[in-house]
Amino acid sequence: MPTYVHFVRHAQGFHNLSNINHQIPDPDLTPLGKEQCAQLCKAFPFHEKITHLVASPMRRTLYTCLLSFEPEAKAGKTVIALPDLQEVSDLPCDVGSTVKRLAAEFEPEQVDFSLMTPNWNDKTSVSSPYVPDMAKLEARAKNARLWLRELGAENPEGDTHIAAVTHGGFLHFLTQDFDGMNPQYGTGWANCEYRSYEFVDPTGADPDASLRETKTSWRRRRGSATGLTETEQMELRIAVKSKIEEIFGDAPPKKDA
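What you see is a predicted model; the values in this text were computed from it and never measured. Position labels on residues start from 1 in each chain and follow its written sequence. In keeping with the model being predicted, local features are shown solely for residues with a pLDDT of at least 70 and side-chain atom pairs are shown and tallied solely at 80 or more, while totals for entire chains, interfaces and linings include all residues. To obtain the side-chain values, all non-hydrogen atoms of the structure were included, while hydrogens and water were left out.

1. Some thoughts on a nonpolar patch on the surface
Then comes step 1: On the surface, Phe 14, Leu 17 and Ile 24 cluster together into a nonpolar patch covering about 240 Å² of accessible area.
Then comes step 2: Considering the arrangement of structural elements, one finds Leu 17 in the loop between strand 1 (3–9) and helix 1 (31–43). Patch building starts from residues that exceed 30% relative accessible area and form no salt bridge, then joins like charges within 9 Å and nonpolar side chains (Val, Leu, Ile, Met, Phe, Trp, Tyr) within 5 Å. Reported accessibility uses the Shrake-Rupley method at a 1.4 Å probe radius. Residues are deemed covered only where the shown protein chains occlude them. When a carboxyl oxygen of Asp or Glu lies within 4 Å of a side-chain nitrogen of Lys or Arg, that pair is called a salt bridge. Secondary structure counts use DSSP, requiring at least four H or I residues in a row for a helix and at least two E residues in a row for a strand, with both numbered from the N terminus.

2. With respect to unusual backbone geometry
Then comes step 1: With a phi angle near 40°, Asp 26 is a residue other than glycine that sits in the positive phi range.
Then comes step 2: Topologically, Asp 26 is positioned in the loop between strand 1 and helix 1.
Then comes step 3: On the accessibility criterion, Asp 26 (2% relative accessible area) is buried. Whether a residue is buried, partly exposed or exposed follows from its accessible area with a 1.4 Å probe, protein chains only, as a fraction of its type maximum: under 20%, in between, or over 50%, in that order.

3. Considerations on the pairing of strand 1
Then comes step 1: Burial analysis of strand 1 places 6 of its 7 residues in the buried class, the great majority of the element.
Then comes step 2: At least two DSSP bridges between two strands are required for those strands to pair. Alignment of strand 1 against strand 6 (residues 194–199), held across 5 bridges, turns out to be antiparallel. Within the sheet, the bridge partner assigned to His 6 lies in strand 6 and is Ser 196.

4. Remarks on the side chain of Ser 68
Then comes step 1: Relative to the helices and strands, Ser 68 resides in helix 2 (residues 59–68).
Then comes step 2: Discounting residues that sit within four places of it in the chain, Ser 68 has contacts with Cys 37, Leu 40, Cys 41, His 47 and Cys 192. Two residues form a contact once any of their heavy atoms are found within 4.5 Å.

5. Re the packing of aromatic side chains
Then comes step 1: For Phe, Tyr and Trp, rings pair up if their centres lie within 6.5 Å, where Trp contributes its six-membered ring, and each pair is then called stacked (planes under 30 degrees apart), edge-to-face (over 60) or tilted (otherwise). With the rule as written, the count across this model stands at 7 aromatic pairs.
Then comes step 2: These aromatic residues form a ring-pair network of at least three members: Phe 44, Phe 46, Phe 69 and Tyr 194.
Then comes step 3: Distance and angle both matter: a charge sits over a ring if NZ of Lys or CZ of Arg is within 6 Å of the ring centre and within 35 degrees of the ring normal. A cation sits over an aromatic face here: Arg 195 above Trp 189, 4.0 Å from the ring centre.
Then comes step 4: Sitting over the ring of Tyr 194, Arg 220 keeps its end group 3.9 Å from the ring centre.

6. Structural notes on helix 5 (residues 134–153)
Then comes step 1: A helix's residues, less one, multiplied by 1.5 Å, set its expected span. For helix 5, spanning 20 residues, the distance from its first C-alpha to its last is 29 Å, which sits close to the expected 28 Å at 1.5 Å a residue.
Then comes step 2: Of all the residues in helix 5, the buried ones are Met 134, Leu 137, Arg 140, Ala 141, Ala 144, Arg 145, Leu 148, Arg 149, Leu 151 and Gly 152.

7. Side note on the packing of helix 5 against helix 6 (residues 168–175)
Then comes step 1: Comment: axis = line fitted to C-alpha atoms, over the contacting stretch for helices; angle = value between 0 and 180 degrees taken between N-to-C directions. The interhelical angle for the contact between helix 5 and helix 6, taken along N-to-C directions, is 70°, at an axis separation of 8 Å. It follows from the interaxial angle that helix 5 and helix 6 lie roughly perpendicular. Note on packing geometry: the crossing formed by helix 5 with helix 6 is right-handed. Residues Met 134, Leu 137, Glu 138, Arg 140, Ala 141, Ala 144 and Arg 145 of helix 5 touch helix 6, and the partners they reach there are Phe 170, Phe 173 and Leu 174.
Then comes step 2: Note on residue categories: nonpolar means Ala, Val, Leu, Ile, Met, Phe, Trp, Tyr, Cys or Pro, charged means Asp, Glu, Lys or Arg, and polar means any other residue, Gly included. By residue class, the composition of the contact of helix 5 with helix 6 is 7 nonpolar, no polar and 3 charged. Note on angle classes: values under 35 degrees are labelled roughly parallel, values over 145 roughly antiparallel, values of 65 to 115 roughly perpendicular, and the remainder oblique. By the definition used in this description, the sense in which the near helix is turned from the far one sets the handedness, with an anticlockwise turn below a right angle giving left-handed and a clockwise turn giving right-handed.

This is the structure we're talking about:
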């Protein structure tokens, strides 16, 4: 059975208001951000199909998931906190809280922290998979895709629809879709925007677990515009990587997306 992943960029956080706010550790959503969640909740057309809720363990993504998918949460679905979905940079706003703090803030029936480790928010140690390094970034994006595909395979009774809330910068690497990416801003996704993806290889044999945006999602966003070919995506990715390295060195931009 096919697996669909409805990716969402988190709603507006206080760090999105100004560059100085990038120094706020693991910031909360703004009032506008909470309203964006309410609007997405009303507009999202697949609530009845959602089988799983997944989110980056950052506070803004967890709250975006709980508020945007409130019907599912109220029906008893728990948000799985997946560390690999955290944002790219090592700025304070992109470094998560401790597991202890998060567990004290969210009820067990709201968020499942069983995949978390004490060092999930370590972005300084050379051995950490979350250091803002291009190779490690692409590796954890691949790991996240593989994990999402495995999650879908656990549902043999019908189509799987996963709602996954993450971050604007990481979404381009996660989806391997760089259409609209602006390196100066770190993303081509708006706050609380959603796009739907499916796995290119439905058999599950693809070692990269590559994704593509569904035709319905593309038409909703872009109408009759033609999507990028695989070659064009590759060329754009290379250009984006070169620009990132030109501006920020070997690491991705240290700026929230």
